[in-house]
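# Structural characterization, general
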Amino acid sequence: YAKFTDSGLVKVAISDEDAFFNTDWDIAFRRYIIRLNSGVSGPSCVVGARTASGTTFDGLTQVPANIPLRAEAYFNATCDFVPDTSGIGGPLTVLSSFWSYSQCVAMTGNVFVIRTRDNRYVKLQVTSYYSPTAQATCDSTGSVPQPSGSGAVRVKWAFVNGP
């Protein structure tokens, strides 16, 4: 669990159980699942969305007007689980399109916008799931060398101007 602050992405030391009642975190990482503190994921109002295809991290200087920010909803109104489209069976989180899967977790390069509980905007891109060298191999060949350093998620992020 972590929170976006002026001094960086700061770890919030809470248990999974406590996270459902705690508004002090913005984003959570567990292997290939990244979720926001909102909706079915937590009690806060952190929302996000993927930007348009072709958006680059460096090119995004302001949140696009009318971007459809949404809360986590990987359980629907009738309590049915909504899986991601990978076939692995993970939840369809706001940020789940940061990767695709064939034989390894490849990065899509998607850029996301997140609005924090205090109405600040963050641009975020997941750069790797494996060690940087293993990720480059996965992204270019569709397979990952061993050891892969899996679960070592790396992101780049920055505060950005609102719409």
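Up top is the structure these notes are about.
Let us look at the structure shown here. (Residues numbered from 1 in each chain as written. Predicted model: local features only at pLDDT ≥ 70, side-chain atom pairs only at ≥ 80, totals over all residues. Heavy atoms only, no water.)

### Overview of the sheet that holds strand β8 (residues 112–115)
The four strands lie next to each other as β5-β8-β9-β10, forming an open sheet whose pairing is antiparallel. Every other strand in the sheet has two partners, leaving β5 (47–50) and β10 (154–160) as the edge strands with one partner each. Averaged over neighbouring strand pairs, the angle between their axes works out to 25° when direction is ignored. (Pairing = 2+ DSSP bridges. Helix = DSSP H or I, 4+ residues; strand = E, 2+ residues; numbered from the N terminus. Axes fitted to C-alpha atoms, helices over the stretch in contact; angles between N-to-C directions.)

### Quick word on the pairing of β8
Two elements, β5 and β8, share four bridges in a ladder whose sense is antiparallel. Bridge assignment links Gly 48 to a residue of β8, and that residue is Ile 114. Where β8 and strand β9 (residues 121–128) come together, four bridges link them in antiparallel fashion. Bridge assignment links Val 113 to a residue of β9, and that residue is Lys 123. The hairpin formed by β8 and β9 contains five residues between the paired strands, and Asn 119 there has a positive phi angle of roughly 65°.

### Some details on the layout of surface pockets
Size it by volume and the largest pocket reaches roughly 230 Å³. Forming the walls of the largest pocket are Tyr 1, Asp 16, Phe 20, Ala 28, Phe 29, Arg 30, Ile 33, Arg 35, Tyr 74 and Pro 91. Every element with two or more residues in the lining of the largest pocket is listed here: β3 (27–30) and β4 (33–36). Considering only residue class, the lining of the largest pocket consists of seven nonpolar, no polar and three charged. (1 Å grid on protein atoms, 1.4 Å probe; cavity = no way out; pocket = protein on both sides within 12 Å on 5 of 7 lines; lining within 4 Å. Points joined across faces, edges and corners; volume = space filled by probe spheres on them. Nonpolar A, V, L, I, M, F, W, Y, C, P; charged D, E, K, R; others polar.)

### Quick notes on the nonpolar core
Within the largest apolar cluster, 24 residues are counted, with the highest numbers of intra-cluster contacts made by Ile 27, Leu 95, Ile 114 and Leu 124. For this core, the secondary structure elements donating two or more residues are β1 (2–5), β4, β7 (105–107), β8, β9 and α2 (132–141). When sequence neighbours within four positions are dropped, the list of residues in contact with Leu 124 reads Phe 4, Ile 27, Phe 57, Leu 95, Asn 110, Val 111, Phe 112, Ile 114, Val 155, Lys 156 and Trp 157. Counting residues in hydrophobic clusters, the runner-up holds nine residues, among them Ala 49, Val 63, Val 111 and Val 160. (Core = buried A, V, L, I, M, F, W, Y, C linked by side-chain atoms within 4.5 Å. Buried < 20%, exposed > 50% of the residue type's maximum accessible area, 1.4 Å probe, protein only. Contact = heavy atoms within 4.5 Å.)

### Remarks on the pattern of salt bridges
Here the structure, examined in full by the defined rule, presents two salt bridges. Between Arg 120 and Asp 6 there is a salt bridge; the shortest N-O distance is 2.7 Å. Of the two residues, Arg 120 sits in the loop between β8 and β9 while Asp 6 sits in the loop between β1 and β2 (8–11), which places them 114 residues apart along the sequence. Relative accessible area serves as the criterion here: at 29%, Arg 120 is assigned to the partly exposed category. (Salt bridge = Lys/Arg side-chain N within 4 Å of Asp/Glu carboxyl O.)

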